Amino acid sequence: MSRLLDAKKEPEDVKEELSLRPTRLSEYIGQSQGKKNLEVFLGAAKKRNEPLDHVLLYGPPGLGKTTLAYVIANEMGGKIRLVNGPSIEKTGDLAAILSELEPGDILFIDEIHRLPRAVEEVLYGAMEDFTLSILINQNGSSHVLNMPLPPFTLVGATTRSGDLSSPLRARFGISMKLDFYSEQEISEILRRTSKVYATPIEEGAVELIAKRSRGTPRIANRLFKRIRDFASFHEEPKITLGRCKESLEALKIDELGLDDVDIRYLTALIERFQGRPTGLESIASAIGEEASNLEDVYEPYLVMIGLIDRTPRGRVPTEKAYSHLKKSHQSLLF
Ligand code: ADE
């Protein structure tokens with residue numbers, strides 16, 4: 001079973017999110033500054049009858065990067081082609097994708113920081129002047145094949161903008177960072193989800209789920225669905241605050257929205273490593289989780305709510321972490 005709080009995308013989410021996804025920018029909740037700018041860039045591109053400049057979306061998983069790519073495609077009236085960076089293994093794979101694009105299409109590359117170097121280099125020309133240049137090796141000699149491409153917009157998404165090479169980053173005219181959502185924004189998304197699923201929900205339940213969703217729409221929607229299961233199971237047509245509380249307890253989601261991975265992470269930092277600055281790899285092997293998963297999925301929220309600090313010497317738990325886990329510094333000395 002997929003983890004409830006892991007913001008990583010599951011195949012089920014892709015299907016579900018399609019119906020939950022807003023199609024217009026005006027329906028997209030949150031990210032207000034980025035949304036305002038995007039509205040200007042979309043409007044200007046449409047007026048000039050040009051494709052939108054290439055867009056880089058970055059930030060923690062589950063915050064709506066793919067959703068925004070769909071909104072962009074819909075607003076521009078183009079089709080969207082979705083691909084995952086690491087699945088484009090060879091330059092020929094990219095050439096095949098690019099040669100199928102039509103004018104005004106959106107090419108969405110998720111995890112764009114994981115594109116192989118050679119593929120990335122072919123992408124430069126495609127982004128810059130809509131030309132596909134590939135090196136052909138034939139009978140011991142090689143030549144470059146240039147093929148014109150239709151004007152298109154590349155939307156790249158990454159959880160690690162720092163891992164993007166500078167030549168690639170420089171080719172995005174528009175760059176937008178997605179931040180965690182406020183509880184009010186998550187509440188708004190949940191009210192919308194309740195309408196999409198035609199399942200009424202009490203306002204108190206909305207607020208409670210919002211508090212435990214780690215500022216992440218994907219998690220809020222997943223919690224909504226699981227709690228709706230509890231309500232259906234008990235033949236209740238509406239999600240009540242009482243049922244919501246009980247379900248969250250059964251799902252083992254604590255008041256800050258932490259799950260067992262967060263708790264094991266914090267416990268290891270405090271007990272095993274005694275609160276000393278600790279490297280990510282050491283924490284990962286201590287709790288049997290992948291370092292990249294901890295870094296991309298778990299840590300951004302732990303930093304945001306002030307439970308850990310990332311220092312040059314390693315990760316350290318804050319006072320708030322000790323008190324959340326009801327641990328004291330002294331108890332470790334004995
Ligand atoms: N579903 C997921 N993210 C959303 C957002 N930002 N606005 C509206 N619905 C969403």
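Here, the structure is the one placed above.
A few points on the structure. (Residues numbered from 1 in each chain as written. Predicted model: local features only at pLDDT ≥ 70, side-chain atom pairs only at ≥ 80, totals over all residues. Heavy atoms only, no water.)

## Topic: the packing of helix H7 (residues 183–196) against helix H9 (residues 217–233)
Two numbers describe how H7 lies on H9: the axes approach to 10 Å, and their chain directions differ by 45°. One finds that H7 runs oblique with respect to H9. In terms of crossing hand, the pair formed by H7 and H9 is right-handed. Along the contact surface, H7 presents Ile 186, Ile 189, Leu 190, Thr 193 and Ser 194, while H9 presents Pro 217, Ala 220, Asn 221 and Phe 224. Partitioning the contact of H7 with H9 into residue classes produces six nonpolar, three polar and no charged. (Axes fitted to C-alpha atoms, helices over the stretch in contact; angles between N-to-C directions. Helix = DSSP H or I, 4+ residues; strand = E, 2+ residues; numbered from the N terminus. Parallel < 35°, antiparallel > 145°, perpendicular 65-115°, else oblique. Left-handed = near helix turned anticlockwise from the far one by under 90°. Contact = heavy atoms within 4.5 Å. Nonpolar A, V, L, I, M, F, W, Y, C, P; charged D, E, K, R; others polar.)

## Structural notes on the nonpolar core
Ranked by internal contacts, the top residues of the largest apolar core, which has 45 residues, are Leu 52, Leu 68, Ile 72, Val 155, Leu 190, Ile 239 and Cys 244. Once residues within four sequence positions are removed from consideration, Leu 68 is found in contact with Leu 25, Tyr 28, Leu 38, Leu 57, Met 176 and Leu 178. Of all hydrophobic cores here, the second largest spans 26 residues; its members include Ile 109, Val 122, Tyr 124 and Ala 126. (Core = buried A, V, L, I, M, F, W, Y, C linked by side-chain atoms within 4.5 Å. Buried < 20%, exposed > 50% of the residue type's maximum accessible area, 1.4 Å probe, protein only.)

## Some points on the site of the ligand
For the ligand, the full set of nearby residues is Pro 22, Glu 27, Tyr 28, Ile 29, Tyr 181, Ile 189, Arg 192 and Pro 217. Within the contact set of the ligand, a nitrogen atom lies 2.8 Å away from a backbone nitrogen or oxygen of Ile 29. For the ligand, the protein covers 94% of the area, taking 260 Å² as the surface of the free molecule. Among the cavities detected, the one that contains the ligand is the largest pocket. Taken together, the residues of the shell around the ligand sort by class into six nonpolar, no polar and two charged. (Near = heavy atom within 4 Å. Polar contact = N/O pair within 3.5 Å; in protein donor to acceptor, adjacent residues only side chain to side chain. Areas by Shrake-Rupley, 256 points an atom, 1.4 Å probe, with all protein chains shown as cover. 1 Å grid on protein atoms, 1.4 Å probe; cavity = no way out; pocket = protein on both sides within 12 Å on 5 of 7 lines; lining within 4 Å. Sits in = over half its atoms within 2 Å of the grid points.)

## Some details on the sheet that holds strand E2 (residues 80–84)
Strands sit in the order E2-E3-E6-E1-E7 across an open sheet of five strands; the sheet is parallel. With partners counted over all chains shown, the strands left at the sheet margins are E2 and strand E7 (174–177), one partner each. Going across the sheet, the axis of each strand differs from the next one's by a mean of 15°, ignoring polarity. Both strand E3 (residues 106–110) and strand E6 (residues 153–158) contribute to a ladder of four bridges, which runs parallel. When the sheet's bridge partners are listed, Leu 107 is paired in E6 with Leu 154. Where helix H3 (residues 65–76) meets the sheet, its contacts fall on strand E1 (55–58), E2, E3, E6 and E7, and the angle it forms with E3 comes to roughly 175°. (Pairing = 2+ DSSP bridges.)

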